[in-house]
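Listed here are the chains, written in short residue letters.
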Amino acid sequence: MSAERDTCSLSVLEKKRRHLPGLEGVWVFVTADMTVFGILFALFMVGRDQDPEIFESSRQSLNPDFGGVNTLILLTSSWFVVLAVDAVKRKEGDGAQHYLAGAFACGVAFMVSKAIEYTQKLNENITLLTNDFYMYYFTLTGIHLMHVVAGNVVLAVLWFMARARTIDPERPTVLESGATYWHMVDLLWVMLFPLLYLVR
Amino acid sequence: MDQKTSLRFQLLSACCGPAFLVTFVFFWGILGNNIPNPSPSLSAEELALRYQNNLGEIRLGFIISMISVCLYLPWCSYLSARLQQIEGKFPTLANLQLIGGALTVMVVSFSACFWAIAAFRPEGNPELIQFATDSGWLIIDLQYACTTLQMVAFALCVLSDKKGQAAGTPLMPNWACYLTIFCAVSFFPASLTGVLKTGPFAWDGVMSYYFPYFCWLCWETIASYFMIKDVRRRIRESKSSSASLSLEAQPA
């Protein structure tokens, strides 16, 4: 009997271990998106190799504090999202709602920080036409920023769903899908930050 | 029209997808000298010389591609009818798909027409040739949102087909729908062609040309494959149901 229960709990455990968070389609999307960013990072490195002086002098003009703060903001927001998923699974609706609000606020903070950084650069008459480094800087961070905006829309929808208690604690597929996407946005920034601001 | 004839037209329309694909790559891409395409950083004289050196191919390529691009229309028309079947009384997404597809044909046609104009008097003022070439590329690269909406409408409609999914006969599997949405948003970097003349975001770059066009044609291939498979399944079902009906009609 106990052996049977053991097998049973083992298979349940295995099922839990094998469970793919979120919709399979989100993983298709994430894989494709990461591939595109992978190509972009490779193109950046090729460009850097062709014109190392311009890339290095331009990199030094970037303020790494902005990049560092943005990294912290996004890591914190990812942490909030993890807590929200956990809260939903523990059927703590209020907690999930607050954590999602925290993640959303971090997303807004990221956008504000980026807006300040862009404004500073534009005030110095630096645009994506200045040189190849800034072309990559504005396009890569711009495309990433569009991902953040889309992610914030997703987080807002999830917040409304958490408030209406329409997320199923047993199968929070929509929440997990949103969380997967948001973690990807975070991961991309964690790669973009050293690539643009730190690599000498 | 009887069902058999209707299904035959449906299959023919679905097959227009691969026909479009092959003719587009051959006439627009290869004969039109668009693989690789002219760089926006070429001077007017260099560009004019490019037309003069490949005049016959370029003229033939773009003139025929303006006709063959219309193969996209029956394909979209069938797709829209199939989406309408999924949506029922209010075919909002089916209509959006149809409008998006029809306008895509116009965008592609206008750009090819500008290049045909550029090739019309290749010995003329090089700056006018450059102007016509620039116009063609900016039209096709900046006005992609019609195609984006067409693809997203299609993917959302198929994803929402609960009845088809329950019966195990969705038009496309879910992964293909998500890939469609990804392909649709892969066009966004092409907006940078309006500003940049060199690098991966210029109109001859990886991110504004090769990758989004590959995504568009990749979607066209995947969607055509599943559409043709779907029509053939419906033809088989129609044949078996008519066979069983005729069996029932026979006197005992």
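Asker: Whenever I open this one, the interface of chain B and chain A confuses me. Can you help?
Answerer: A common way to report how large an interface is uses the accessible area buried once the components associate. The interface of chain B with chain A comprises 19 residues on the first partner and 20 residues on the second. Together, the buried faces of chain B and chain A total about 1,500 Å²; carbon and sulfur atoms form 88% of this surface. In terms of surface lost to chain A, no three residues of chain B exceed Tyr178, Phe182 and Phe201 of chain B, which account for 34% of the buried area on that side. Linking chain B with chain A are 0 salt bridges, by the criterion used here.

Asker: Is there a simple way to think about a nonpolar patch on the surface in this case?
Answerer: Residue and element names in this part refer to chain B. Taken together, the side chains of Val25, Phe26, Ile30, Ile35, Val206 and Tyr210 present a nonpolar region at the surface, about 500 Å² in accessible area. Only α1 (3-31) and α10 (206-249) provide two or more residues apiece to the nonpolar patch. Broken down by element, the nonpolar patch gets its largest block of residues, 3 residues, from α1. Counting through the fold element by element, Tyr210 comes out in helix α10.

Asker: What should I look at first to understand the layout of surface pockets in this one?
Answerer: Unoccupied space between atoms shows up once a probe the size of one water molecule is rolled over them. The space that makes up the largest pocket amounts to roughly 970 Å³. Of all elements in the fold, only α2 (24-50), α6 (132-163) and α7 (173-198) of chain A together with α9 (174-185) and α10 of chain B reach the threshold of two or more residues within the lining of the largest pocket. In terms of residue count, the dominant contributor to the lining of the largest pocket is α6 of chain A (12 residues). Partitioning the lining of the largest pocket into residue classes produces 27 nonpolar, 6 polar and 1 charged. Estimates place the volume of the second largest pocket at around 360 Å³. Together, 13 residues line the second largest pocket, and His19, Glu170, Arg171, Pro172 and Glu176 of chain A are the ones closest to its centre. Class assignment for the residues of the lining of the second largest pocket results in 5 nonpolar, 3 polar and 5 charged.

Asker: Is there a simple way to think about unusual backbone geometry in this case?
Answerer: For residues besides glycine, phi is generally negative; the peptide bonds are generally trans as well. Residue Pro36 of chain B follows Ile35 of chain B across a cis peptide bond; omega there is 0°. Relative to the elements of secondary structure, Pro36 of chain B occurs in the loop between α1 and α2 (44-53). Despite not being glycine, Lys91 of chain A shows a phi value in the positive range, around 60°. Inspection of the secondary structure assignment puts Lys91 of chain A in the loop between α4 (64-89) and α5 (93-123). Residue class for Lys91 of chain A comes out exposed when judged on its relative accessible area of 56%.

Asker: Quick question: what am I supposed to make of the packing of helix α5 (residues 92-118) of chain B against helix α7 (residues 145-159) of chain B here?
Answerer: How two helices sit against one another is set out by the angle between their axes and by the gap between those axes. Residue and element names in this part refer to chain B. Packing of α5 against α7 brings their axes to within 8 Å, and their N-to-C directions diverge by 150°. The pairing of α5 with α7 is recorded here as roughly antiparallel in orientation. Here α5 and α7 pass one another in a crossing that is left-handed. Across from Leu93, Leu96, Gln97, Gly100, Gly101, Leu103 and Thr104 in α5, the residues of α7 making contact are Cys146, Thr147, Leu149, Gln150, Ala153, Phe154, Leu156 and Cys157. A per-class count over the contact of α5 with α7 returns 9 nonpolar, 6 polar and no charged.

Asker: Looking at this structure, how should I read the nonpolar core?
Answerer: Residue and element names in this part refer to chain B. One finds Trp28 and Trp216 to be the most contacted residues of the largest nonpolar core, which totals 125 residues. Looking at this core element by element, the count peaks at 15 residues for α10. With residues up to four places along the chain from it excluded, the contact list for Trp28 reads Thr23, Asn34, Gly61, Phe62, Ser65, Val108, Trp115, Trp137, Ile140, Tyr209 and Tyr213.

Asker: How should I be thinking about the packing of aromatic side chains in this particular structure?
Answerer: The geometry of an aromatic ring pair is captured by the separation of the ring centres together with the interplanar angle, meaning the angle of the planes. Evaluated as defined, the whole model comprises 44 aromatic pairs over all chains. Seen in terms of ring centroids, Tyr118 of chain A and Phe138 of chain A are 5.4 Å apart; in terms of plane orientation they differ by 35°. Their pairing is tilted. Of this pair, Tyr118 of chain A sits in helix α5 while Phe138 of chain A sits in helix α6, placing them 20 residues apart in sequence. When its relative accessible area of 14% is taken as the criterion, Tyr118 of chain A is described as buried. Between Phe154 of chain B and Trp219 of chain B, the ring centres sit 6.0 Å apart and the planes meet at 65°, which makes this aromatic pair edge-to-face. Of this pair, Phe154 of chain B sits in helix α7 while Trp219 of chain B is found in helix α10, placing the two residues 65 residues apart along the sequence. Classification of Trp219 of chain B by relative accessible area gives buried; the value is 1%. It is Lys114 of chain A that lies over the ring of Tyr118 of chain A; its NZ or CZ is 5.6 Å from the centre.

Asker: Is there a simple way to think about the pattern of salt bridges in this case?
Answerer: It is possible for side chains bearing opposite charge to pair when their charged atoms get close. Taken as a whole and assessed by the stated rule, the structure comprises 12 salt bridges over all chains. Across the pair Glu56 of chain A and Arg48 of chain A runs a salt bridge whose closest N-O atoms are separated by 3.4 Å. In this pair, the class of Glu56 of chain A matches that of Arg48 of chain A, namely buried. Taking the shortest distance from any N to any O, the salt bridge between Lys89 of chain A and Glu176 of chain A comes out at 3.3 Å. Remark: Glu176 of chain A occurs in helix α7 and Lys89 of chain A occurs in helix α4; sequence separation between them is 87 residues. Judged by relative accessible area, Glu176 of chain A falls into the buried class, the value being 6%. It is possible to trace a salt-bridge network through shared partners that takes in Arg82, Asp230, Arg233, Arg234 and Glu237 of chain B.

Rules used throughout
Residues numbered from 1 in each chain as written. Chains lettered and ligands numbered in written order. Predicted model: local features only at pLDDT ≥ 70, side-chain atom pairs only at ≥ 80, totals over all residues. Heavy atoms only, no water. Contact = heavy atoms within 4.5 Å. Buried area = accessible area lost by both parts, 1.4 Å probe. Salt bridge = Lys/Arg side-chain N within 4 Å of Asp/Glu carboxyl O. Patch = residues over 30% accessible without salt bridge, like charges linked within 9 Å, V, L, I, M, F, W, Y side chains within 5 Å. Areas by Shrake-Rupley, 256 points an atom, 1.4 Å probe, with all protein chains shown as cover. Helix = DSSP H or I, 4+ residues; strand = E, 2+ residues; numbered from the N terminus. 1 Å grid on protein atoms, 1.4 Å probe; cavity = no way out; pocket = protein on both sides within 12 Å on 5 of 7 lines; lining within 4 Å. Points joined across faces, edges and corners; volume = space filled by probe spheres on them. Nonpolar A, V, L, I, M, F, W, Y, C, P; charged D, E, K, R; others polar. Buried < 20%, exposed > 50% of the residue type's maximum accessible area, 1.4 Å probe, protein only. Axes fitted to C-alpha atoms, helices over the stretch in contact; angles between N-to-C directions. Parallel < 35°, antiparallel > 145°, perpendicular 65-115°, else oblique. Left-handed = near helix turned anticlockwise from the far one by under 90°. Core = buried A, V, L, I, M, F, W, Y, C linked by side-chain atoms within 4.5 Å. Phe/Tyr/Trp six-rings, centres within 6.5 Å; stacked < 30°, edge-to-face > 60°. Lys NZ or Arg CZ within 6 Å of the ring centre and 35° of its normal.

Any functional reading would require information that these geometric values do not contain.
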